[in-house]
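Breakdown of the fold
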Amino acid sequence: MAHPRETRWKVIARTGDSETGRVLRWEFDTEAEARAIVERLLAADAGGTWRQQTADASSPPR
């Protein structure tokens, strides 16, 4: 009997540089929930600039 496949959406946000920055992580059951937090992060005034990272390294930052 095959087990149902579970999909989880992960969002990782990093602030600051690699030595002193913070990494925040979330996991969601749906793509809509994951996209909602991404949109909130991109819209937030966090004192810096957010940029999108994808598996496709050829994509330019937003």
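Residues numbered from 1 in each chain as written. Predicted model: local features only at pLDDT ≥ 70, side-chain atom pairs only at ≥ 80, totals over all residues. Heavy atoms only, no water.

Side note on the pairing of strand β1 (residues 9–15)
Across a regular strand the side chains alternate sides, sitting on one face of the sheet and then on the other. Relative to strand β2 (residues 22–28), β1 runs antiparallel, the two sharing seven bridges. Across the sheet, the residue bridging to threonine 15 is arginine 22, located in β2. Hairpin geometry of β1 and β2 is characterised by an intervening segment of six residues between the two adjacent antiparallel strands and by a positive phi of about 80 degrees at glycine 16. (Pairing = 2+ DSSP bridges. Helix = DSSP H or I, 4+ residues; strand = E, 2+ residues; numbered from the N terminus.)

Description of the pattern of salt bridges
In this structure the tally under the stated criterion is three salt bridges. Here arginine 35 ties to glutamate 31 by a salt bridge, and the two come within 2.7 Å at their closest N and O atoms. Taken together, the positions of arginine 35 and glutamate 31, both in helix α1 (residues 31–43) and four residues apart, correspond to about one turn of that helix. Since its relative accessible area comes to 34%, glutamate 31 is described here as partly exposed. Each member of the salt-bridge network shares a partner with another, and the members are Arg8, Glu27 and Asp29. (Salt bridge = Lys/Arg side-chain N within 4 Å of Asp/Glu carboxyl O. Buried < 20%, exposed > 50% of the residue type's maximum accessible area, 1.4 Å probe, protein only.)

Things to note about the nonpolar core
In globular proteins that are soluble, nonpolar side chains generally tend to be buried together. If you look at the biggest cluster of nonpolar residues, it comprises six residues: Val11, Ala13, Phe28, Ala34, Ile37 and Leu41. When residues of this core are traced back to their parent elements, those giving at least two are β1 and α1. Top contributing element to this core by residue count: α1, with three residues. Sequence-distant contacts of isoleucine 37, defined by excluding residues within four places in its chain, comprise Val11, Trp26 and Phe28. (Core = buried A, V, L, I, M, F, W, Y, C linked by side-chain atoms within 4.5 Å. Contact = heavy atoms within 4.5 Å.)

Looking at the confidence of the model for the protein
Within the protein, residue pLDDT values average 78, and 69% of them lie at 70 or more. Between the elements of the protein, mean pLDDT differs from a low of 89, seen in β1, to a high of 93, seen in β2. Segment residues 57–62: pLDDT under 50, and six contacts once partners within four positions in sequence are set aside and those in other chains are kept. (pLDDT = per-residue confidence, 0-100.)

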